[in-house]
Structure formats: structure tokens, C-alpha cells
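# Coordinate analysis (summary)
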Amino acid sequence: MDSDYGVPRELSEVQKKRALYQPELPPCLQGTTVRVEYGDAAIAADPAGAHVISHAFPHTYGQPLAHFLRKTANVPEATVIAEHPTVRVGVVFCGRQSPGGHNVIWGLYEAIKAHNPNSMLIGFLGGSDGLLAQKAFEITEEVLSSYKNQGGYDMLGRTKDQIRTTEQVNGAMASCQALKLDALVIIGGVTSNTDAAQLAETFAEAKCATKVVGVPVTLNGDLKNQFVETTVGFDTICKVNSQLISNVCTDALSAEKYYYFIRMMGRKASHVALECALQSHPNMVILGEEVAASKLTIFDITKQICDAVQARAEKDKYHGVVLIPEGLVESIPELYALLQEIHGLHGKGVSMENISSQLSPWASALFEFLPPFIRKQLLLHPESDDSAQLSQIETEKLLAQLVEDEMNRRLKEGTYKGKKFNAICHFFGYQARGSLPSKFDCDYAYVLGHVCYHILAAGLNGYMATVTNLKSPVNKWRCGAAPISSMMTVKRWSRGPAATQIGKPAVHMATVDLKGKAFELLRNSSSSFLMDDIYRNPGPLQFEGAGADTKPISLCVEDQDYMGRIKKLQEYLEKVKSIVKPGCSQDVLKAALSAMSSVTETLAIMTSSSTGQGISL
């Protein structure tokens, strides 16, 4: 075993007490019998891409939803699995580390051993690199003992490399076959779970015995869909960052002379910035999704902030806190277009030193307008998914400088009669990644680990472990599994006149829903946030006592329990069947026919509009 991994930690007193905490299991995961109810075939949320997805994943698309049941559930058609042969399961961290990842492994380990003590859990060292190189060791209780309820990915290590090429996929299959794995559990976000789906499909086609299971773990919170309410790590990141933001807010209110520009991590989606704003109440938050939807330019955003500064000055307030998501730079139309041109030149092999001289006239003009530090950062080589190196681009400093220049201009012209503008900039990024996970993330991750075993016991391949009704106590959580291919979409974009490209199916990042309840809550509070300084400090991350059981505000205000609503619909349909049967009155029959006709026509219209095709009613 590599000496850098799996070594017991030296724990502080707080960590020791955390290690003793035993997460609770929902009733459906208790005992040693797996009860699974299969639903209808799960299809893509975007029916327009279903044909492309089903063609790319013929072996794993269209599989049924799985719902795990408690012992007392009265579901005659449920499959009951009481025999649990010895299994060998591999687990690997893929992508960026997220608080709570270790508890997925702990939950998986305990489930495997509870159902058969002879089963074995094998961890791959160093992420996907270790998977391809067959660098692995057996995970034991001794290894796990100092990693329970702790942060980081250091028990196994990780990489952000993709398992995408034919060579990589074949290498992963060779490792699974060499180690005789019954299942491979991949812990990660949208990219890692897309890779998991591809591995599952390839394994099925090659008749490889290894089943592939994905787990939604990413601090960005952008792996969200009808089956996944939130991801492991998101709650922790938002709690830790909200306290930091609140400390800054208190400092701003105390000094009364600084504007703080804080850039939040979260990649292209603004979920972290939104949740932190709801928790800490800064004066302003600029969401990338709102900027993109309104097509705001960098000058529009600058004016928006300057107008807010001026309005606050009229109330004799010369301080404030502004939150900025790190993906904002790709949401501003002209900066995104500039980045695309730069990345295109990178792709052609143009060196960083020569890129600026080969930009188109408009791009060159914008590039020269920008401060030197931003120019240098925009020229950085893009990530593997062709996105900018967002963590390295100091958008907060750019906005602070542009606002300062504009306020100085207004001051000189006499249109602003307040005090000189002073800005301080921060990037709250990596400070939270290695944090001790919140109690919610500890519970959620541990439960997902158990769900992974249930998926394996049911013989499912290409599925993601899911838990819904998360805003309720653990004993009311609903556990199941959904085919990863059903979470995929096919992005379309145009390049050049009348040239339409169709991308490969993938689990794509979910952006902030501007029609959702969380965003509505923010917008309804924005004016009081801006002018009234109602800063809120949620305090440090708690594991016991006040605040220990709080959950993300954006999770609690949304009605996201997809599986719960499916079950509720089934209950209504059963009631209709029990009421409307041979012998019922004519009035009851007429009422039922009228209602059901109206419902089916409405649903048919909704379905046809989502696919862009007509339908005969």
C-alpha cells in the first residue's frame, strides 16, 4: 500500500468525538434483507435527446427506477433479496474533494460486512490514476477508524482526470477483471458520473461481470435533477463559507468604510453563492444565471453595483459586501466570447505569448481594455472540458477596480457627493474543501454508502444511489436508485452560419433555477439586504446542539421529493381504481371519465410541447 494513503490520522479531541458519532439509517436500509420495488422505465428528462441517449447507451438506457422498501411495507410485487453471497467491491474518489466523501465509504463498508462478513471492500489509491494502474488495498475497520465523519479525501486520494478515452475505459475494465470485482463505486460529480455511465455501458456490452454505481458527491451542488435533491458536501461548503462571509459583514459594519468583494467557488453554477446569500444576507449577490438570462455586460454589472453604492451613500452608508460566483466570468456575454476565441487559439497550438496578437478586432479591443492581471489570467490554458480556469480568474478584483474607477468619475463630475470608494477583495475557495463535514453531510453520505450496497445486491448496473425527502428527518428519507443515463441531456449549440452540432450525452451541470423558490426568496429579500444591513451570522459549523440539524435553505424551500410525489400519484390512482369499478354509479363514472380525460389531454399537450412535436389527441 502507498505510504501516503490509508494511514491512521492523529485526531484532535473534537475529531475523536466526531469519530464516535454513528449516523442513523432510514428504515428501508435496516436489517439484512434487501426489498426493492421496480418502477417504470426511466427516460431522459429532455425527451428531445432521448433517441441520441438510447442509441449511445443501448444496454443501460430505459432501465427501471428502483425504490428500496422498509420491512413493514406491504408491496406484494416487491423483490425480496435474502441471500447475500460474498462480494468484492471497489471504490474510487474521482474529481475534486468534497466534505463527507469518507462517510460514503464507511456506509458502504458497513453495509457490505453486515450482509456478509466475508465480503471485501477495495479502495483505489490516487483516484482514477490508481484505478487504471491497479493501485489498491483492502479497506478495513482499522483503516476507517480515524476517517469516520472527517473531511478530505486523504484516505484514498483523488485525481480530477476523466475516464473517457477508449484506452482509459479498457484500462478500468482490465483492473476490475484482474481484481475480480463484483461492483465498482465511483464517488464524484457530473463529470465522474458521466464516466460511470460510460463504464457501465461498456462493461455491459463486453459482458464484464462488474456492475458500476455512481454516488452524487460534489461541493458545487450542481448535480441536481428530478432524482437528486442535493449533493454530499454542498451543505458543509455553504455553512463554512457563510460564517466567513458573516464575519466579513460584521467587520464591514464595524469599520464602516470598506466594500468587500467576495468571489465564491462553485464552478459555472451559482448554487453556493445563492445558498450563502440566503444564510448570511450580504448586501448584494450577482448570480451568473441571472446575468446570462438578462445578457448583462460587464459595464451593466458595474453600473448596477455603482448605483447601489450611491444609494447606500445617500443613507450615509459607505460599506457593504458583494458576493460573486466564480463562474460569473463565463456568464458575461462579451467575456465568454473572448474566452472562446482565446480557447480556440489554444486549440490551434498558438502560444500564450502570441494569442493577444491574433485576436479579432473587437476581441482585441476588449482584451486591451481589461487590466493586465485579468489579461494574464484569461490567457491560461483551459480545463479539460474547455472551460476557463475559473479559480484563477479574479473577477472580484476586476469588478472592484471598475467600480472604483466609475465612482471616482462620478465623484469628479459631481454626480456622486459621497466619500471615496474603498474595496477589499477575497476568494473563498479552498478554505472550505477540507472542512470537517456537517452533520447532514455525514448522515447523507453514510446513507448513500448503504444504498450502494442495495444497488449491488439488486444486480443493477449504471445506476446512481439516490435519497429523497432530505429536508425531513432521516427516518423519513426515501432511498432508491435511478439509471444515470436517465439523468443525461444532449446539449446543442451552433458554430457558424446554419451549422448545428449535437454534443455527446452527458450528465450536465444544473444551473440555478430562476423560477425556483430559492431564487424567489432571494429576490424578495434583495432590497432589504441591499439597504438595511440585516447581516446574519449562522456561526461556526456545529455537530451538536443549536444549528447541528439545520439543512440548506435552498433545499428546504423547494419541493424536490420526486419519488415521494410519484408514490403520492400512485396512491391517488389506486384510490380511483377502488372507487370506480363495475357497480359504481353513473355519476361517479362520468366524473371520473371527465377528470381523467382532462388530465391526460393536459399531460399530452405538456409532453408534446417539451419535445417540440405535435401529438394527436
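Since the model is a prediction, treat every value here as computed from it, not as a measurement. (Residues numbered from 1 in each chain as written. Predicted model: local features only at pLDDT ≥ 70, side-chain atom pairs only at ≥ 80, totals over all residues. Heavy atoms only, no water.)

### What to know about the sheet that holds strand β4 (residues 88-93)
Short version of the rule: Note on pairing: DSSP must find at least two bridges between two strands before they are called paired. Only DSSP runs of H or I with at least four residues qualify as helices, and only runs of E with at least two residues qualify as strands; both kinds are numbered from the N terminus onward. Orientation is described by axes fitted as lines to C-alpha atoms, over the contacting stretch for helices, and by angles from 0 to 180 degrees between their N-to-C directions.
An order of β3-β1-β2-β14-β13-β8-β7-β4-β5-β6 is seen for the 10 strands of this open sheet, with the pairing classed as mixed. One side of each edge strand has no neighbouring strand; the edge strands of this open sheet are β3 (79-81) and β6 (136-138). Between one strand axis and the next, the sheet turns through 30 degrees on average, direction left out of account. Sheet analysis places strand β7 (residues 183-188) next to strand β8 (residues 211-216), joined by six bridges and oriented parallel. Residue pairing across strands places Leu184 opposite Val212, the latter belonging to β8.

### Considering the packing of aromatic side chains
What counts is decided by this rule: Classification of ring pairs rests on two measures: the distance between centres of Phe, Tyr or Trp rings, Trp counted by its six-membered ring, which must be within 6.5 Å, and the angle between planes, read as stacked under 30 degrees, edge-to-face over 60 and tilted in between. Residue exposure (1.4 Å probe, protein chains only): buried if accessible area is under 20% of the type maximum, exposed if over 50%, otherwise partly exposed. Charge over a ring is defined by NZ of Lys or CZ of Arg lying within 6 Å of the ring centre and within 35 degrees of the ring normal.
Counted under the stated rule, the structure contains 10 aromatic pairs. The interplanar angle of 80 degrees and the centroid separation of 6.1 Å between the aromatic rings of Phe440 and Trp477 together place this pair among those described as edge-to-face. You can see Phe440 sitting in helix α17 (residues 439-457) and its partner Trp477 sitting in the loop between β13 (463-468) and β14 (478-483), a full 37 residues away along the chain. The exposure class of Phe440 is buried, given its relative accessible area of 5%. Taken together, the ring pairs connect Tyr259, Phe261 and Phe421 into an aromatic cluster. Just above the ring of Phe543 sits the side chain of Arg18; from NZ or CZ to the centre is 4.0 Å.

### A word on the nonpolar core
What counts is decided by this rule: Take the buried Ala, Val, Leu, Ile, Met, Phe, Trp, Tyr and Cys residues and link them wherever side-chain atoms come within 4.5 Å; each set so joined is a nonpolar core. By definition, residues are in contact when any of their heavy atoms lie within 4.5 Å.
In this structure, Ile105, Ile139 and Ile187 are the most contacted members of the largest nonpolar core, which totals 58 residues. In terms of residue count, the dominant contributor to this core is α17 (11 residues). Once you skip the residues sitting within four places of it in the chain, Ile105 turns out to touch Val91, Phe93, Leu121, Ile139, Leu144, Met155, Leu156 and Ile187. Within the second largest apolar cluster, 47 residues are counted, among which are Ala313, Ile324, Leu398 and Met531.

### Brief notes about the pairing of β14
The element β14 is largely enclosed, with a buried count of five among its six residues. Bridge analysis of strand β2 (residues 64-68) against β14 gives two bridges, and the strand direction is antiparallel. The residue bridging His67 from the neighbouring strand is Gly480, located in β14. Note that β13 and β14 share six bridges and pair antiparallel. Across the sheet, Val467 pairs through a bridge with Cys479, a residue of β14.

### A word on helix α18 (residues 517-532)
As a reminder of what qualifies: Between the first and last residue of a helix there are one fewer steps than residues, each counted as 1.5 Å, and that sum is the expected span. What is called the bend at a residue is the angle between a pair of axes, fitted to the seven residues leading up to and ending at it and to the seven starting from it.
Taking 1.5 Å of rise per residue, the 16 residues of α18 would be expected to cover 22 Å, and the 23 Å separating its terminal C-alpha atoms lies within 8% of that figure. Helix geometry: α18 is bent most strongly at Ser525, by close to 50 degrees. Here α18 has its buried residues at Ala518, Phe519, Leu522, Ser525, Phe529, Leu530 and Met531. Looking at the buried side of α18, the elements it contacts are α9 (271-280), β10 (284-285), α10 (288-294), α11 (298-313) and α19 (553-557). Just downstream of α18, Asp533 is the residue with a positive phi angle, here 50 degrees.

### A look at the environment of Thr602
By secondary structure assignment, the location of Thr602 is in helix α21 (residues 586-611). Sequence spacing of Thr602 and Leu569 is 33 residues, and the spatial spacing of their C-alpha atoms is 16 Å.

### Topic: a nonpolar patch on the surface
Defined as follows: For patch detection, residues must exceed 30% relative accessible area and be free of salt bridges, and they are connected within 9 Å for like charges or within 5 Å for nonpolar side chains (Val, Leu, Ile, Met, Phe, Trp, Tyr). Note that accessible areas follow from Shrake-Rupley with a 1.4 Å probe, and for residues the cover is restricted to the protein chains shown. Whenever Lys or Arg places a side-chain nitrogen within 4 Å of a carboxyl oxygen from Asp or Glu, that contact is recorded as a salt bridge.
Taken together, the side chains of Leu569, Leu573, Val576 and Met596 present a nonpolar region at the surface, about 310 Å² in accessible area. For the nonpolar patch, the element with the most residues is helix α20 (residues 562-579), which contributes three residues. With respect to the helices and strands, Leu569 occurs in helix α20.

### Observations concerning the state of the cysteines
Rule in force here: When two cysteine sulfur atoms are found within 2.5 Å, that pair is recorded as a disulfide.
Tallied over the entire structure, the rule returns zero disulfides. Considering cysteine sulfurs only, Cys306 is the nearest to Cys425, which forms no disulfide, with 14 Å between them. Between Cys556, a cysteine without a disulfide, and Cys238, which holds the nearest cysteine sulfur, the sulfur-to-sulfur distance is 12 Å. Taking relative accessible area as the criterion, Cys556 reaches 34% and is therefore assigned partly exposed.

### Digging into the packing of helix α3 (residues 101-115) against α17
The following threshold applies: For classification purposes, an angle smaller than 35 degrees is called roughly parallel, one larger than 145 roughly antiparallel, one from 65 to 115 roughly perpendicular, and anything else oblique. Crossing handedness: left-handed means the near helix sits turned counterclockwise from the far one by under a right angle, and right-handed means the same turn made clockwise.
Between α3 and α17, the shortest axis-to-axis distance is 7 Å and the interhelical angle comes to 40 degrees. Considering the angle they form, α3 stands oblique to α17. In the packing of α3 onto α17, the handedness of the crossing is right-handed. Contacts from Asn103, Val104, Trp106, Gly107, Leu108, Glu110, Ala111, Ile112 and His115 of α3 reach α17 at Cys442, Ala445, Tyr446, Gly449, His450, Cys452, Tyr453 and His454.

### Let's talk about the sheet that holds strand β11 (residues 320-325)
In space, the four strands of this open sheet follow the order β10-β11-β9-β12, with parallel pairing throughout. The strands lining the two open edges of the sheet, one partner per strand, are β10 and β12 (423-428). Helix-sheet contacts for α9 involve β9 (259-264), β10 and β11, and the interaxial angle to β11 is about 155 degrees.

### Considerations on unusual backbone geometry
Here Gln134, not a glycine, exhibits a phi torsion of approximately 60 degrees, which is positive. Looking at where Gln134 falls in the secondary structure, it is placed in the loop between α4 (127-133) and β6. Its identity is not glycine, yet Glu256 carries a phi of approximately 60 degrees, on the positive side. Examined against the element boundaries, Glu256 turns out to sit in the loop between α8 (234-255) and β9.

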